[in-house]
Each structure stands twice: as structure tokens, then as C-alpha cells.
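So the chains spell out like this:
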Amino acid sequence: MTRAAVLSAGSWGTTFAKVLADAGTEVTLHARRPELAAAITADRENADYLPGIRLPDGITATADPAQALDGADLVVLSIPSQTLRENLAGWAPHIPAQATLLSLMKGIELGSTRRMSEVVCEVTGAAPERVAVLSGPNLAREIAEEQPAATVVACTDPDRLEALQAACHTRYFRPYTNPDLVGCELGGAVKNVIALAAGVAEGLGFGDNTRASLITRGLAETARLGQALGADPLTFAGLAGLGDLVATCSSPLSRNRTFGEHLGRGMSLEETVAATKQTAEGVKSCRSVLDLARAHGVEVPITEAVVRVCHDGESPVQMVREIMSREAKPE
Ligand SMILES: NC(=O)c1ccc[n+]([C@@H]2O[C@H](COP(=O)([O-])OP(=O)(O)OC[C@H]3O[C@@H](n4cnc5c(N)ncnc54)[C@H](O)[C@@H]3O)[C@@H](O)[C@H]2O)c1
Ligand SMILES: O=P(O)(O)OC[C@H](O)CO
């Protein structure tokens, strides 16, 4: 892969553009605001999302999606999941016919309960083997600072998968391949929901036992749902499963965990939404994950609890009481 278009220039899109450029790919980054695109090109910095990080010379920025997509053999999608369908419909006519379409997004569409790769296929008409996902313990700021991290790229076409792995392999970012696209994608979406619960626990003042219990039982419900959707259960023991769950549930950098922490400390939902400047996917996706689980007859008690706290007005204290008083059962 030689030329990538990254849409758009948020925290992760900008960070991944840097990864691609550091791996030797020419990158055009799409920013919605022309003034941000101009500032990125002129200053080599995205001061809105990654202040203090110098962007490589291999990145140019534009506010024109057609210009960003022109000649791209890799199209990287990194916007809030619930906005993908609408945005992609506008971008689709400009996407080169053979380009690989890579989703960095970690959400499930509300209403349709589609994974992002499914939305990409539906909107663009691309064959499923052209669509890939990247997911793992990848907090943007740490990677932008070149702290070593690993990730997973998944695609059903082995040639595209190998090319993708090479395109984003740098001295600080190590991608593994996995053919299980469904499992990788689901792991990324559900961990955001579990991280909300871990944040609530943190906000209530609970410690490591509580977090470890949530991570482990969260992984169990992710794997149950994954199996019902045809994922490989082993994927959930890897970077896109356990790896991402541990990072997101533990890190103060996580927007999902921070959102939950605010709720746990007693902030109202409205106050928490107002205090959250970046995308916390789990707040919306908890509902679609629950819908998906119900459609497949899978029990997801932590996800249910997160929906009650984020959308039905249940208090964090009551949430913990309800989780802990569930019927006792074998592990
Ligand atoms: N930040 C991370 O550490 C990280 C890591 C891995 C995956 N992700 C995933 O990447 C995706 C993007 O997250 P992010 O962290 O870059 O979010 P962000 O909030 O930092 O940036 C969001 C980007 O989307 C754009 N955007 C917002 N609303 C839009 C709309 N309605 N239409 C078009 N564009 C819109 C913004 O302008 C911005 O460029 C999410 O699915 C997230 O879960 C994030
Ligand atoms: O900040 P969050 O909660 O969106 O998490 C970021 C990444 O997905 C961590 O891998």
C-alpha cells in the first residue's frame, strides 16, 4: 500500500496517519474544518486533538474528501460510529474501486445493530474481502508518543491482510494478523461498554478486585456474544479482546472509562456528556450491543447495567447492587 486517505483527523485518525507515514506510506488526512487542515499542513501538528505531537512530513491534510481519496489504495475510516453511514454515503463515489477499506472504529450501529465493517459493505457496495478492521489496546496519545504497543489487523483476504500489516508496522507499533474480523470488531465495541462499568466502579471508590472482576466477567459476556455471531473464541484471549479490555478499563486516558468515572462520582448524565469533548463510543453502543445480544438470546448483564445507568436513570450504587445480587451460578 503506497497511498492512504485517513478520514478523519480526530485523536485516533491523526495518530494512525502518523503510524502509516512513519511506516513509509504517503498519507492525506481529511479534517472537516478547513482551518484545521491548513494548520496541520503548515504546523505539522494537530493542536486540537494531539497537542505537542509532531506529525511526519509524509502527511498532508485537506478538508476536501474527494482530494483526500484521489488515488488512495488504502481508505481508513475513523469517525464516531453512529455517523459512519451518513458520512460514507457522501464519500463513497470518490473511493477508488480496488482500495482496501479499513475501519478503526469501535462501535455498533444503533437501530440496525450492524458492525462497522457491515455498514461499510452496505454503503459502498464493496465486497467483504475488501474491508478490514484494526483493533487492540491502542490509546491514541500513547501511540502518538511512540510508546510501544501491539494491535490486530483483520481481513478475510490474506493478501490485503499482509499488505495492511506491512503498511502500519513501525518500530513502536506492532500489528498481528487475524482472519477473525467479527471477533476483532466485536471485542473493540464491547470493551467500551465494559470500560464504562469499570469507570463507574472507579468513581465509586472501588479498587483492583472490582476492576479485575469486571474485566473478567466482561470478557465472558463478550466471548458469549462473539460465539453466537460466529467469532473465534480465541480472538477474545488476544489483543483485540483481553488486551484492549485491560488497557481501556485501566487507563485514565480512556474516554469511556472517564465517562463512567464521572457518573460514579455523582455527576449527572447531562453534566458528563457536557464534560466529554471526544468520542466515548460505549455510551451509545451499549444499547446496540444489548439489542444484538437479545436478538441472539445471549445474556450480557454488565452491558444491561451500563444501559440502565447511561440511559434509564439508574444510580451507580443501585447498578452495583443489582450486579452483585444476581443469582449465584457456576463460572
Ligand atoms: N482515541 C483513541 O484512543 C482510539 C483508539 C482506537 C480506536 N478509536 C476509535 O476511533 C474512532 C474515532 O475516535 P477518535 O478517538 O478519533 O474520536 P475523536 O472524538 O478524537 O475524533 C472524532 C473525529 O470524527 C470527526 N467527527 C465527529 N463527528 C462527526 C460527524 N458527525 N461527521 C463526521 N465527522 C465527525 C471529528 O471531526 C474528528 O475528526 C472511534 O470509533 C473510537 O472508538 C479511538
Ligand atoms: O478512549 P477510549 O475509551 O475510546 O479507548 C481508546 C481505545 O479504544 C483503546 O484501545
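Given the structure is predicted, the values throughout are model-derived calculations rather than measurements.

Q: I would appreciate a short explanation of the layout of surface pockets in the present structure.
A: Space inside the largest pocket adds up to approximately 1,000 Å³. Taken together, 41 residues form the lining of the largest pocket, with G10, S11, W12, R255 and T279 sitting closest to its centre. Mapped by element, the contributors of at least two residues to the lining of the largest pocket are α1 (11–22), α4 (84–91), α6 (140–144), α8 (181–203), α10 (239–250) and α11 (255–264). Its residues assigned to classes, the lining of the largest pocket comprises 16 nonpolar, 16 polar and 9 charged. The residues that make up the lining of the largest pocket include at least three from each of domain 1 (3–179) and domain 2 (182–324). Considered as a void within the structure, the second largest pocket measures approximately 610 Å³ in volume. In this structure, the second largest pocket is lined by 23 residues; those nearest its centre are S213, R217, I302, I323 and M324. Those elements giving two or more residues to the lining of the second largest pocket turn out to be α8, α9 (208–228), α14 (301–311) and α15 (316–324).

Q: I would appreciate a short explanation of the site of ligand 1 in the present structure.
A: Taken together, 23 residues lie near ligand 1, and S11, N87, A140, T279 and E281 sit nearest. Between K106 and ligand 1, the recorded distance is 3.0 Å, taken from a backbone N or O atom to an oxygen atom. The backbone of N138 places a nitrogen or oxygen atom 3.5 Å from an oxygen atom of ligand 1. Protein burial of ligand 1: of its 820 Å² of free accessible surface, 87% is covered by the chains. The cavity where ligand 1 resides is the largest pocket. Here the shell around ligand 1 takes 3 residues from α1, the largest share from any one element. The residue makeup of the shell around ligand 1, split by class, is 9 nonpolar, 10 polar and 4 charged. Of the domains in this structure, domain 1 (3–179) and domain 2 (182–324) are the two that each give at least three residues to the shell around ligand 1.

Q: How do you make sense of the site of ligand 2 when you look at a structure like this?
A: With respect to spatial proximity, 13 residues lie near ligand 2, and among them K191, D244, S254, R255 and N256 are the closest. K106 has a polar side-chain atom sitting 2.9 Å from an oxygen atom of ligand 2. In the model, an oxygen atom of ligand 2 is placed 2.6 Å from a nitrogen or oxygen of the K191 side chain. Computed on the free molecule, ligand 2 has an accessible area of 310 Å², of which 92% lies beneath the protein chains in the complex. When each cavity is represented as a set of grid points, ligand 2 is found to reside in the largest pocket. Every element with two or more residues in the shell around ligand 2 is listed here: α8, α10 and α11. A breakdown of the residues in the shell around ligand 2 according to their chemical character gives 3 nonpolar, 6 polar and 4 charged. Built from parts of two domains, the shell around ligand 2 gets at least three residues from each of domain 1 (3–179) and domain 2 (182–324).

Q: Please clarify how the state of the cysteines should be interpreted in this entry.
A: Each disulfide consists of one covalent bond between the sulfur atoms belonging to two cysteines. Tallying each qualifying case throughout the model produces 0 disulfides. Free of any disulfide, C249 has its nearest cysteine sulfur in C310, 14 Å distant.

Q: Can you help me understand the nonpolar core in this one?
A: Generally speaking, a soluble globular protein has its nonpolar side chains buried in company with each other. Grouped together as the largest cluster of nonpolar side chains are 40 residues, with contacts concentrated most on L186, L225, C249, F259, V306 and M319. Counting residues per element, the ones that place at least two in this core are α8, α9, α10, α11, α13 (282–295) and α14. A per-element tally of this core places α8 first, with 12 residues. With residues up to four places along the chain from it excluded, the contact list for L225 reads L186, V289, L292, A293 and V298. I53, L102, C155 and C168 belong to the second-largest nonpolar core, a separate cluster that totals 37 residues.

Q: How should I be thinking about unusual backbone geometry in this particular structure?
A: Excluding glycine, most residues fall at negative phi; most peptide bonds, likewise, are trans. Look at the link from L7 to S8: it is a cis peptide, with omega at 20°. Mapped onto the fold, S8 is located in the loop between β1 (3–7) and α1. The backbone phi angle of E146 is positive, close to 65°, even though this residue is not glycine. Counting through the fold element by element, E146 comes out in the loop between α6 and β7 (149–155).

Quick notes on the rules
- Sequence order as written defines the numbering, with residues in each chain counted from 1.
- Chain letters and ligand numbers both follow the written order, the letters beginning at A and the numbers at 1.
- Local features in this predicted model are restricted to residues of pLDDT 70 or higher, and side-chain atom pairs are both shown and tallied only at a pLDDT of 80 or more, whereas totals for entire chains, interfaces and linings draw on every residue.
- Heavy atoms from the whole structure form the basis of all side-chain values; hydrogens and water molecules are not counted.
- In this analysis, the protein atoms alone were mapped onto a 1 Å grid. Cavities are point sets where a 1.4 Å probe fits without being able to get out; pockets are open sets with protein on both sides within 12 Å along at least five of seven lines; lining residues have an atom within 4 Å of a point.
- Grid points are joined across faces, edges and corners, and a volume is the space filled by probe spheres set on the points.
- Each helix corresponds to a stretch of at least 4 residues labelled H or I by DSSP, and each strand to a stretch of at least 2 residues labelled E; elements are numbered beginning at the N terminus.
- Note on residue classes: Ala, Val, Leu, Ile, Met, Phe, Trp, Tyr, Cys and Pro are nonpolar, Asp, Glu, Lys and Arg are charged, and everything else, Gly too, is polar.
- The split into domains, and so the bounds of each, comes from an automatic or database assignment of domains.
- Residues are labelled near a given molecule or strand when at least one of their non-hydrogen atoms is within 4 Å of it.
- Under the rule applied, a polar contact is a pair of N or O atoms within 3.5 Å (in protein, one hydrogen donor and one hydrogen acceptor; residues adjacent in sequence only if both atoms are side-chain atoms).
- Every accessible area reported is derived by Shrake-Rupley at a probe size of 1.4 Å, with residue values counting cover from the shown protein chains alone.
- To be counted as sitting in a cavity or pocket, a molecule needs more than half of its atoms within 2 Å of that site's grid points.
- Any pair of cysteine sulfurs within 2.5 Å is marked as a disulfide.
- To qualify as a nonpolar core, a set must consist of buried Ala, Val, Leu, Ile, Met, Phe, Trp, Tyr and Cys residues joined through side-chain atoms within 4.5 Å.
- Buried means the residue's accessible area, taken with a 1.4 Å probe over protein chains only, is under 20% of the maximum for its type, while exposed means over 50%, and partly exposed covers the values in between.
- Contact definition: two residues touch when any of their heavy atoms are within 4.5 Å.

In short, geometric facts, not functional conclusions.
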